[in-house]
Amino acid sequence: HESVPADDKSKALKYVKDTTGRFTQRPHFEPVEIDHDCEKLVKKFLRERYGETTFPLRTDDLTILLERDSEDLDLWADLTAEGDGVEGVTYFSRGRKPRVCISAELSESPNLENRLRTTLAHEYGHVRYHGPLYQVEAVTGQLFAAPSNDGSIKCKRDTIYSAPAQYDWMEWQAWYACGAILMPYTEVRKLTKSLVAQAEVGSASHGSEFDKLLVESVREKFQVSADAARVRLLKLGLLKVGGGPQLRLTR
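Residues numbered from 1 in each chain as written. Predicted model: local features only at pLDDT ≥ 70, side-chain atom pairs only at ≥ 80, totals over all residues. Heavy atoms only, no water.

K.L.:
What should I look at first to understand the overall build of the protein chain in this one?
P.N.:
Helix and strand counts for the protein chain stand at eight helices and six strands. A buried classification covers 49% of the 251 residues belonging to the protein chain. Of all intrachain contacts in the protein chain linking residues separated by at least 6 positions in sequence, the fraction that spans at least 24 positions is 70%. Accessible surface for the protein chain amounts to roughly 12300 Å². Of this, 47% is attributable to carbon and sulfur atoms. (Helix = DSSP H or I, 4+ residues; strand = E, 2+ residues; numbered from the N terminus. Buried < 20%, exposed > 50% of the residue type's maximum accessible area, 1.4 Å probe, protein only. Contact = heavy atoms within 4.5 Å. Areas by Shrake-Rupley, 256 points an atom, 1.4 Å probe, with all protein chains shown as cover.)

K.L.:
What should I look at first to understand the environment of Asp227 in this one?
P.N.:
Here Asp227 lies in helix H8 (residues 226-235). Along the backbone, Asp227 and Val215 are twelve residues apart, and their C-alpha atoms lie at a distance of 8.6 Å. Side-chain polar atoms of Asp227 contact the side chain of Arg230, separated by 3.3 Å. (Polar contact = N/O pair within 3.5 Å; in protein donor to acceptor, adjacent residues only side chain to side chain.)

K.L.:
Teacher, can you tell me more about empty space enclosed by the protein here?
P.N.:
Leftover empty space is mapped by rolling, across the atoms, a probe with the size of a water molecule. Scanning all chains against the criterion turns up one cavity of 30 Å³ or more. Estimated volume of the largest cavity: approximately 100 Å³. Lining of the largest cavity is provided by eleven residues; of these, Trp175, Gly179, Ala228, Val231 and Arg232 occupy positions nearest its centre. Of all the secondary-structure elements, those providing two or more residues to the lining of the largest cavity are helix H5 (169-182) and H8. Looking at the lining of the largest cavity residue by residue, the class counts come to seven nonpolar, two polar and two charged. (1 Å grid on protein atoms, 1.4 Å probe; cavity = no way out; pocket = protein on both sides within 12 Å on 5 of 7 lines; lining within 4 Å. Points joined across faces, edges and corners; volume = space filled by probe spheres on them. Nonpolar A, V, L, I, M, F, W, Y, C, P; charged D, E, K, R; others polar.)

K.L.:
Explain unusual backbone geometry to me, please; I cannot follow it from the model alone.
P.N.:
Negative phi is the rule for most residues except glycine; trans is the rule for most peptide bonds. Pro56 follows Phe55 through a cis peptide bond whose omega is 15°. Examined against the element boundaries, Pro56 turns out to sit in the loop between helix H1 (31-50) and helix H2 (59-69). If you check the backbone angles, Gln223 has positive phi at about 50° while not being a glycine. Looking at the element boundaries, Gln223 is found in the loop between helix H7 (209-222) and H8.

K.L.:
Any chance you could explain the side chain of Ser217 here in plain terms?
P.N.:
Mapped onto the elements of the fold, Ser217 is located in helix H7. The exposure class of Ser217 is buried, given its relative accessible area of 16%. At 2.8 Å, the side chain of Ser217 and the backbone oxygen of Leu213 are in polar contact. Setting aside chain neighbours within four positions, we find Ser217 in contact with Leu191 and Leu195.

K.L.:
Could you clarify how one ought to interpret the pattern of salt bridges in this entry?
P.N.:
For side chains bearing opposite charge, pairing can occur when the charged atoms are close. Across all of its chains, the model carries 14 salt bridges by this definition. Two residues, Arg115 and Glu87, come together in a salt bridge whose shortest N-O distance is 2.4 Å. Placement of Arg115 in helix H4 (residues 113-135) and of Glu87 in strand S4 (residues 86-92) is noted, with a sequence separation of 28 residues between them. For Arg115, a relative accessible area of 30% translates into the label partly exposed. A relative accessible area of 4% places Glu87 in the buried class. A salt bridge links Glu187 to Lys190, with the shortest nitrogen-to-oxygen separation between them at 3.6 Å. Placement of the pair is Glu187 and Lys190 together in helix H6 (residues 185-199), with a separation of three residues, close to one helical turn. Judged by its relative accessible area of 52%, Lys190 is exposed. In the salt-bridge network here, residues are joined through shared partners; they are Glu39, Lys43, Glu187 and Lys190. (Salt bridge = Lys/Arg side-chain N within 4 Å of Asp/Glu carboxyl O.)

The values reported here are purely geometric and, on their own, carry no functional implication.
Here it is in structure tokens:
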């Protein structure tokens, strides 16, 4: 698959019915498309900023990306009125770029930096893939109707890794983009291949010593939590639930 940026209005985009009622139809992205798009975005940003692509992506880099592509980023927001466990909110307004608010608790607590990084990347997924939908004034052929009201998407700490597509496609896409931004596919694959070669193993089962090594290595290299590393590896097919299957190193 070729990467398909969210602001690409070409016919390459696939549209499906939006069962959430936000739009008549909504864009559909395969996971590999989000992987390619996010990796291209991140590596281009790093090359332009530092002249090289090294990981982990810095927390400041995530804020710069959000500041660049949103109307406003508030890192010190009081989100208590948004409900329990809400750590990030993206606000959409028709004809304008999104506004992003991050709970001050995350910015104020050094021990919560991994959660801050995950929340920033998650909200950037909303900005990149969903912001353009609210900025469109008219679409030829009425592929989807512009929303009549402003909207917001709330990121809760207990659902950021597990938003199922069948319930909320916007949350799922932002969740997947979060992993793709922080842990680009080719970089995770490169690290996995290196560990496999060093350990001289050809398969991995969930709960094995190699699995633990793999999760810990991804966690350390990309500065994410162990949960985020594990979910990313599972979704990429580089870690399997249950024993037996070969470790997949090609896609």
